[in-house]
Amino acid sequence: MAEIIVVTSGKGGVGKTTSSASLACGFARRGKKVAVIDFDVGLRNLDLIMGCERRVVYDFVNVIHGEASLKQALIKDKRFENLFVLAASQTRDKDALTKEGVEKVLKELADEGFDIILCDSPAGIEKGAFLAMYFADQAVVVVNPEVSSVRDSDRILGLLSSKTRRAEAGERVREHLLLTRYSPSRVETGEMLSIKDVEEVLGLKAVGVIPESPDVLNASNKGEPVILDMESNAGQAYDDAVARLLGDERPMRFTLQEKKGFFSKIFGG
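Residues numbered from 1 in each chain as written. Predicted model: local features only at pLDDT ≥ 70, side-chain atom pairs only at ≥ 80, totals over all residues. Heavy atoms only, no water.

Running from N to C, helix 1 (residues 16–29) and helix 12 (residues 233–245) cross one another at 65°; their axes reach a closest spacing of 9 Å. Viewed along their axes, helix 1 and helix 12 form a crossing whose handedness is right-handed. Note on element contacts: helix 12 touches helix 1 through Tyr238, Asp239, Val242 and Leu245, opposite Thr18, Ser19, Ser22, Leu23, Gly26, Phe27 and Arg29. For the contact of helix 1 with helix 12, the per-class residue count stands at 5 nonpolar, 4 polar and 2 charged. (Axes fitted to C-alpha atoms, helices over the stretch in contact; angles between N-to-C directions. Helix = DSSP H or I, 4+ residues; strand = E, 2+ residues; numbered from the N terminus. Left-handed = near helix turned anticlockwise from the far one by under 90°. Contact = heavy atoms within 4.5 Å. Nonpolar A, V, L, I, M, F, W, Y, C, P; charged D, E, K, R; others polar.)

So, in structure tokens, the structure goes:
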């Protein structure tokens, strides 16, 4: 059975697509057959971050409307044999997605033997976001540790518990909190909410905490999801999050400010 995971948030610009790309690569690296779908019709960024933008011929909307087969539209990742990308359309509007069409594509992917189908949701609560979450078994809610992001994500949690197929059947979507752009030094000075603050407000445990890092932007600009850079703290933190989503125990790293040693205090290092 394919596990459908939506990567969602209430607010734009929190790192949803960056997270979708890294999680997809992380699952594939662990041997899972993975499809990652961009639901952001009209904008389309997932293919850029995955480094396959020049290979998009057919997209998600083409498949839904019968203008291309799923096999024609799926783009095989160059790094992992078992990872495929389904790009969003740049030229259609949000109404091009239909519940029946999305269900048909998800069923076809499941029939093709995919273990994990990741749905990269647009921000907010419009149609694309609703359809990305409607069929989900699990949700990764991406949040920046600041008040407006947390408040908007609380609204998304309300929709996950009431407006999904599982909710209609009296079941729950399993929800996970993924904190991005976390800076322990800014938490210490009170500029940013702590992990505990966010967990308490949303009533969710963090499955991952991604430190604020220029590596994330650099990787995205190169079309290389940051999880592939295992030298970077952000890449390692995404790898930890993937491990936890698969049921492994991992300590939560990169959440405390490094204490300066004696010499760096003296010499300002």
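Further notes follow.
Okay, the side chain of Thr164 next. Residue position: Thr164 is located in the loop between helix 7 (147–160) and helix 8 (165–168). A distance of 3.2 Å separates a polar side-chain atom of Thr164 from the backbone oxygen of Leu160. Excluding anything up to four places from it in sequence, Thr164 contacts Met133, Tyr134, Leu159 and Val173. (Polar contact = N/O pair within 3.5 Å; in protein donor to acceptor, adjacent residues only side chain to side chain.)

One can describe the packing of helix 7 onto helix 10 (residues 195–202) by two numbers: an axis separation of 10 Å at closest approach and a directional angle of 35°. Considering only the axes of helix 7 and helix 10, their crossing is right-handed. Where helix 7 approaches helix 10, its residues Val150, Ser153, Asp154 and Leu157 are matched on the opposing element by Val198, Val201 and Leu202. Considered class by class, the residues forming the contact of helix 7 with helix 10 number 5 nonpolar, 1 polar and 1 charged.

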